[in-house]
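Fold and contact review
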Amino acid sequence: MATLEINDLHVSVETENGPNEILRGVDLTVKQGETHAIMGPNGSGKSTLAYSLAGHPKYAITGGSVTLDGEDVLEMTPDERARAGVFLAMQYPVEVPGVSVSNFLRTSATALRGEAPKLRLWVKEVKEAMERLQIDPSFAERNVNEGFSGGEKKRHEILQLELLKPKIAILDETDSGLDVDALRVVSEGVNRVRESGEVGTMLITHYTRILRYIKPDHVHVFAKGRIAESGGPELADKLEEEGYEEYVKGGAAS
Ligand SMILES: Nc1ncnc2c1ncn2[C@@H]1O[C@H](COP(=O)(O)OP(=O)(O)OP(=O)(O)O)[C@@H](O)[C@H]1O
Ligand SMILES: [Mg+2]
């Protein structure tokens, strides 16, 4: 079982006024097969954690460690992290002009699997995955995310997730901007991947809405750059009722 282990992670960004520490000692362990919901107020550092794990150059690691099966993730380039099995679905997916969805997926799959998937099987695999996610076949020939609506981008992220089958999937607000039907379709995609038992999922979200479809094993409250509290699914219900005030004001987070 693959295990992602984050220990006392500190991360800063460079600003006009010098470095600004955003992550202040994050501890989290995610194993293959587990689903962790990470909930927390705006600006608490959830996306920063996601980007830092994926290796975004903007974020400077100033302390702590991240390992995947004992291998130092922080030493790896973003590309190596992806090949090691770390997948990030971004809160704001970027457009990749000049690269079609179909090419993008095949190139990614080739890099991850170490060899190009057999063309005929691959075409079938992609077609079926697109059908399950109710993505129109014409999207295969469109450039990645170019002109996609918010919801279409999120579906495309889940298409990648299903086809690339990472060890650790970080889904940053994959639920935001989805209508009810899309939320269901996307959640079903996440659940299919989850049921394989081969993926550990970090589901970053603001609302318990998506947790009606995807039942987390663990829920964490993220506040002021660290995990302020962890619990089971009941913690999400408490957050929905009481909000994050307790964690933002001090108390558990300080
Ligand atoms: N590249 C950057 N430059 C300057 N500040 C940054 C940068 N990235 C993040 N920050 C700051 O770090 C803090 C945490 O941002 P982050 O995007 O991680 O929050 P979040 O928890 O994902 O919020 P949201 O729920 O709104 O998505 C914010 O105050 C943000 O302005
Ligand atoms: Mg965010």
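All of these numbers come straight from a predicted model, not from anything done at the bench. (Residues numbered from 1 in each chain as written. Chains lettered and ligands numbered in written order. Predicted model: local features only at pLDDT ≥ 70, side-chain atom pairs only at ≥ 80, totals over all residues. Heavy atoms only, no water.)

Before going further, it helps to spend a moment on the nonpolar core. Counting 45 residues, the largest nonpolar core has L159, L161, L171 and L239 as its most contacted members. Per-element tally for this core: the top contributor is helix α6 (residues 180-195), with six residues. Leave out the neighbours within four places in its chain, and L161 touches F87, P166, A169, L171, V190 and V193. Within the second largest apolar cluster, 30 residues are counted, among which are I6, L28, I38 and A50. (Core = buried A, V, L, I, M, F, W, Y, C linked by side-chain atoms within 4.5 Å. Buried < 20%, exposed > 50% of the residue type's maximum accessible area, 1.4 Å probe, protein only. Helix = DSSP H or I, 4+ residues; strand = E, 2+ residues; numbered from the N terminus. Contact = heavy atoms within 4.5 Å.)

Turning next to the site of ligand 1. Looking at ligand 1, there are 15 residues lining it, with N42, G43, K46, T48 and H206 nearest. S47 places a polar main-chain atom, nitrogen or oxygen, 2.9 Å from an oxygen atom of ligand 1. In this structure, a nitrogen atom belonging to ligand 1 sits 3.0 Å away from a side-chain N or O atom of Y59. Among the elements that line the shell around ligand 1, the one with the most residues is helix α1 (residues 46-54), at three residues. Considered class by class, the residues forming the shell around ligand 1 number four nonpolar, eight polar and three charged. (Near = heavy atom within 4 Å. Polar contact = N/O pair within 3.5 Å; in protein donor to acceptor, adjacent residues only side chain to side chain. Nonpolar A, V, L, I, M, F, W, Y, C, P; charged D, E, K, R; others polar.)

Geometry of an aromatic ring pair is reported as the spacing of the ring centres plus the angle between the planes. For the structure on display, the rule yields two aromatic pairs. Aromatic side chains Y51 and Y59 sit 5.8 Å apart centroid to centroid with 5 degrees between the ring planes, which places their arrangement in the stacked category. Given the relative accessible area of 18%, Y51 is considered buried. The interplanar angle of 75 degrees and the centroid separation of 5.0 Å between the aromatic rings of F139 and F148 together place this pair among those described as edge-to-face. The two residues F139 and F148 agree in class, both being buried. One residue, R142, lies across the ring of F139, its end atom 4.7 Å from the ring centre. (Phe/Tyr/Trp six-rings, centres within 6.5 Å; stacked < 30°, edge-to-face > 60°. Lys NZ or Arg CZ within 6 Å of the ring centre and 35° of its normal.)

Because the α-helix completes a turn every 3.6 residues, residues three or four places apart line up on one side. Within α1, eight of the nine residues are buried, leaving the element largely enclosed by the surrounding structure. Within α1 the residues assigned to the buried category are K46, S47, T48, L49, A50, Y51, S52 and L53. Positive backbone phi, approximately 95 degrees, marks G55, located one or two places after α1.

In this structure, strand β11 (residues 218-223) lies alongside strand β12 (residues 226-231), joined through five bridges in antiparallel fashion. Following the sheet pairing, V221 is matched in β12 by E229. A loop of two residues connects β11 with β12, the two strands running antiparallel in sequence, and K224 in this loop sits at a positive phi of about 50 degrees. (Pairing = 2+ DSSP bridges.)

Right, let's get into the confidence of the model for the protein. Taken over all residues, the pLDDT of the protein has a mean of 93, while the share at 70 or more is 98%. Considering each helix and strand of the protein separately, the mean pLDDT is smallest for helix α8 (residues 245-249), with a value of 88, and largest for strand β5 (residues 71-72), with 98. (pLDDT = per-residue confidence, 0-100.)

We now examine helix α3 (residues 101-113). Relative to the 18 Å expected for 13 residues at 1.5 Å per residue, α3 spans 18 Å between its end C-alpha atoms, a close match to the ideal helical length. The complete set of buried residues in α3 reads V101, L105, S108 and A109. Axial view of α3: buried residues confined to an arc of 100 degrees, hence all on one face. In this fold, the buried residues of α3 make contact with β7 (96-100), α4 (119-132), β8 (143-144) and α5 (150-164). Remark: G114 follows α3 within two positions and exhibits a positive phi of approximately 85 degrees. (Expected span 1.5 Å × (residues − 1). Arc of directions from axis to C-beta.)

On to the UniProt feature "domain: ABC transporter" (unreviewed entry) in the protein, then. When the UniProt feature table is mapped onto this chain, "domain: ABC transporter" (unreviewed entry) is found at residues 4-249. This span, residues 4-249, is 36% helix and 31% strand, and a straight line between its end C-alpha atoms measures 30 Å. (UniProt positions renumbered as here; feature names shortened; annotations may be inferred.)

This brings us to the packing of α3 against α5. Look at α3 against α5: their axes get within 10 Å of each other, and the N-to-C directions meet at 35 degrees. Helix-helix and strand crossings are classified by hand; for α3 and α5 the assignment is right-handed. Here α3 contributes V101, F104, L105, S108, A109, L112 and R113 to the contact with α5, which in turn contributes H156, L159, Q160, L163 and L164. Taken together, the residues of the contact of α3 with α5 sort by class into eight nonpolar, three polar and one charged. (Axes fitted to C-alpha atoms, helices over the stretch in contact; angles between N-to-C directions. Left-handed = near helix turned anticlockwise from the far one by under 90°.)

What follows concerns the pattern of salt bridges. Using the criterion set out here, one finds eleven salt bridges in the structure. Residues R113 and E125 are paired through a salt bridge, measuring 3.1 Å at the closest nitrogen-oxygen approach. Of this pair, R113 sits in helix α3 while E125 is found in helix α4, placing the two residues twelve residues apart along the sequence. With a closest N to O distance of 3.4 Å, R184 and E188 form a salt bridge. With R184 and E188 both in helix α6 and four residues apart, the pair spans about one turn of that helix. A residue is classified by how much of its surface remains accessible, and R184, at 31% relative accessible area, is partly exposed. (Salt bridge = Lys/Arg side-chain N within 4 Å of Asp/Glu carboxyl O.)

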